[in-house]
Amino acid sequence: MKLYDQIKSHFLLPDAYKDWTYYRDTLTRYLISQTDLIPLPLSFHAGMKQSEMLPTLAIIGAGACNDIDLSRIAPHFSKITLIDNDETAMKKALRIYHLEDSPSICLLPVSLNGITDSDYRQFCDSLQTYIQLPSFTPEEFEAFSISQIEHIFQRNRLTAIPLAPVSYDYIWCFGVHSQLQAMFSYIYHVFTVNLQNMLFPDTSIPGEAFSNCLKEENDFFIPRFHDALLSSAKTAVFVGCEQKRSGQETPIEGACQAIHDLRRRSLSLTESTILWNFYPAGGISYEMLIQKITF
């Protein structure tokens, strides 16, 4: 197994479906309660089936849908579009909820910010090659790491966000913002821990400049992403972000920018919170802020 594949396997939570049962049930009931209306569409005509009158939904960053029950929400929408870079995970969701043959659910395997598995793999491989050099300092390692992700960011800033205007009645986007740069952060962390153990036992590996680079990219991308979300929805957008981690006061990268960006806009915005028991075995839970924007 390649190094990136090993790192990615540790990044995933194999028991998420079971661990998130209460969270999934609560969010599912919430979504149905907020969208279970059948207004007459502009295209209404006599003889139209009730299913054709139901709204459409896009689930951004759907993955395996461990946090939303597709089988329970499916009857409430005429069409559900799952959007995620990980097509394998979305197909797993269809199997879990026995919806492989459902004509009302479609998959859109695409990266929101243009960053793909190939970019993460390339970043990982480049760091692996770099540490084979006969000598380098911790500061040089950080600078090289930054140069690699900056190249990826600059290239992808030219890529359009794959959300067409006025495309869905409702858009659901939960736990996405904190993950935009999480894999780069995790890969860098894995390397620094190993370098500290093997090469620099008496010197800390710097990471502040690397983290700031990820933050700056979030600062750039998230407002653009929100512009696309808001223009793509017809009726409402639901955004869920980690407002606080249990036992910690440090703002959660990506999530905090998202919360503040939506609050600073002139929107019809309502907020509520829910507890997400994210990783019970590790004692990790989050207070999730749900921001509902209506049009």
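Above this note sits the structure.
Computed from a prediction, not measured in an experiment: that's the story for all the values here.

With respect to the secondary-structure elements, D169 resides in strand β4 (residues 168–174). Comment: no salt bridge for buried D169; closest opposite-charge side chain is K234, at 4.4 Å. With sequence-adjacent residues up to four places away left out, D169 is seen in contact with P55, T56, A233, K234, T235 and A236.

This part covers the sheet that holds strand β1 (residues 56–60). Spatially, seven strands are ordered β3-β2-β1-β4-β5-β7-β6 in an open sheet, and the strand pairing comes out mixed. Both edges of this open sheet fall to β3 (105–109) and β6 (268–279), since each of them pairs with a single strand only. For this sheet, the mean angle separating the axes of adjacent strands, direction not counted, is 20°. In this structure, β1 lies alongside strand β2 (residues 79–84), joined through five bridges in parallel fashion. Its bridge partner lying in β2, I60 is registered against I83. Against the sheet, helix α10 (residues 208–232) makes contact with β1, β4, β5 (233–245) and β7 (284–294), and its axis sits at roughly 140° relative to β5, the strand it touches most.

Moving on, we come to the packing of α10 against helix α11 (residues 255–264). Interaxial distance between α10 and α11 falls to 10 Å at its minimum, and their mutual angle equals 45°. In terms of axis orientation, α10 runs oblique to α11. Every pair of crossing elements has a handedness; the one defined by α10 and α11 is right-handed. Residues K215, N218, D219, I222, P223 and H226 of α10 lie in contact with α11, whose contacting residues are Q257, A258, D261, L262 and R264. Of the residues belonging to the contact of α10 with α11, the class tally is four nonpolar, three polar and four charged.

Conventions used here
Counting restarts for each chain, with residues numbered from 1 along the sequence as it is written. pLDDT decides what is reported in this predicted model: residues at 70 or higher carry local features, side-chain atom pairs at 80 or more are listed and counted, and totals for whole chains, interfaces and linings draw on all residues regardless. Note that the side-chain values use all heavy atoms of the structure and ignore hydrogens as well as water. Secondary structure elements are defined from DSSP: runs of H or I of at least 4 residues count as helices, runs of E of at least 2 residues count as strands, and each element is numbered from the N terminus. Think of it in three bands: with a 1.4 Å probe and only protein chains considered, a residue is buried below 20% of the maximum accessible area for its type, exposed above 50%, and partly exposed in between. As used throughout, the charge tally considers Lys and Arg to be positive and Asp and Glu to be negative, leaving His and the chain termini uncounted. Just to be clear on terms, a salt bridge is a Lys or Arg side-chain nitrogen sitting within 4 Å of an Asp or Glu carboxyl oxygen. The criterion used for residue contact is that any of the two residues' heavy atoms lie within 4.5 Å. Strand pairing requires that DSSP identify at least two bridges connecting the strands. Axes here refer to lines fitted to C-alpha atoms; in helices the fit is confined to the stretch in contact. Angles between the N-to-C directions go from 0 to 180 degrees. Put simply, angles under 35 degrees are roughly parallel, angles over 145 are roughly antiparallel, angles from 65 to 115 are roughly perpendicular, and the rest are oblique. Each crossing gets its hand from how the near helix is turned against the far one by less than a right angle, where anticlockwise is left-handed and clockwise is right-handed. Any residue outside Ala, Val, Leu, Ile, Met, Phe, Trp, Tyr, Cys, Pro, Asp, Glu, Lys and Arg is labelled polar, Gly included; the first ten of those are nonpolar and the last four are charged.

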